[in-house]
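Summary of structural features
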Amino acid sequence: MTETSAVERVRAEMVELIPALRSFARRLDRSPTNVDDLVQETLLRALANIDKFHEGTNLKSWLFTILRNTFCTKFGLAKREVVGIEECVSSRATVNSPQEWSVRAAEFQRAFDKLPDRYRDAVDIILIQGQSYESAAARCGCPVGTIKSRVNRARAQLAIQLDEPTMPI
């Protein structure tokens, strides 16, 4: 028998073994796409190295070995591969543009400046400086309840001026 006819016979036998290769590949990977890729890669490697196949040995075992080694190589690479980049843009929190923040800050400052002095002082001491109602009452010389009322009324006026439904504390 000539060498080309032996190669043709091995190729024909390889085609007959494709269902067995697919079955074996499905045991290694459940994804149909990965199974197809694995079988295709196995056949490509086998055809590229057909001259290394020894006549009289088991072709099925040879192909299964190639398939297993291909899977192990790809699986090993996949384990070492990092998916995506370290800091992916999609994982960052969205931030409004600085122009919008500066416009909103200017709007707030104008609304804050329009408040009566007693409301502005109460908001400054409680909400901006973060002091207690008691210390604000002592500084303004009025009862704690009055400071609470001033802060509440100031928040309501700011919400109206800024077209906000409610202002969080």
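Our subject is the structure that appears above.
Below or above, wherever it landed, is the structure these notes cover. (Residues numbered from 1 in each chain as written. Predicted model: local features only at pLDDT ≥ 70, side-chain atom pairs only at ≥ 80, totals over all residues. Heavy atoms only, no water.)

1. Concerning the nonpolar core
Among the nonpolar cores identified, the biggest contains 17 residues, and Met14, Leu59 and Leu63 are the most heavily contacted of them. When contributions to this core are tallied by element, the ones reaching two or more residues are helix 1 (3–16), helix 2 (18–28), helix 3 (32–48) and helix 4 (59–80). When sequence neighbours within four positions are dropped, the list of residues in contact with leucine 63 reads Met14, Leu17, Leu21, Thr42 and Ala46. (Core = buried A, V, L, I, M, F, W, Y, C linked by side-chain atoms within 4.5 Å. Buried < 20%, exposed > 50% of the residue type's maximum accessible area, 1.4 Å probe, protein only. Helix = DSSP H or I, 4+ residues; strand = E, 2+ residues; numbered from the N terminus. Contact = heavy atoms within 4.5 Å.)

2. Some words on the packing of aromatic side chains
The tally for this structure, following the rule as stated, stands at 3 aromatic pairs. When the centroid spacing of 4.7 Å and the interplanar angle of 5° are considered together, the rings of phenylalanine 24 and phenylalanine 64 count as stacked. Separated by 40 residues along the polypeptide, phenylalanine 24 in helix 2 and phenylalanine 64 in helix 4 bring together distant segments of the chain. A relative accessible area of 22% places phenylalanine 64 in the partly exposed class. Considering the side-chain rings of phenylalanine 53 and tryptophan 62, the 5.2 Å spacing of their centres and the 50° angle between planes classify their relative orientation as tilted. Taking NZ or CZ as reference, arginine 118 lies 5.0 Å from the ring centre of tyrosine 119, over its face. Taking NZ or CZ as reference, lysine 148 lies 5.5 Å from the ring centre of tyrosine 133, over its face. (Phe/Tyr/Trp six-rings, centres within 6.5 Å; stacked < 30°, edge-to-face > 60°. Lys NZ or Arg CZ within 6 Å of the ring centre and 35° of its normal.)

3. A few points about the environment of leucine 43
Here leucine 43 is to be found in helix 3. The sequence separation of leucine 43 and leucine 67 amounts to 24 residues, and the corresponding C-alpha distance is 8.5 Å. Dropping the residues within four chain positions of it, leucine 43 is found in contact with Met14, Ile18 and Leu21.

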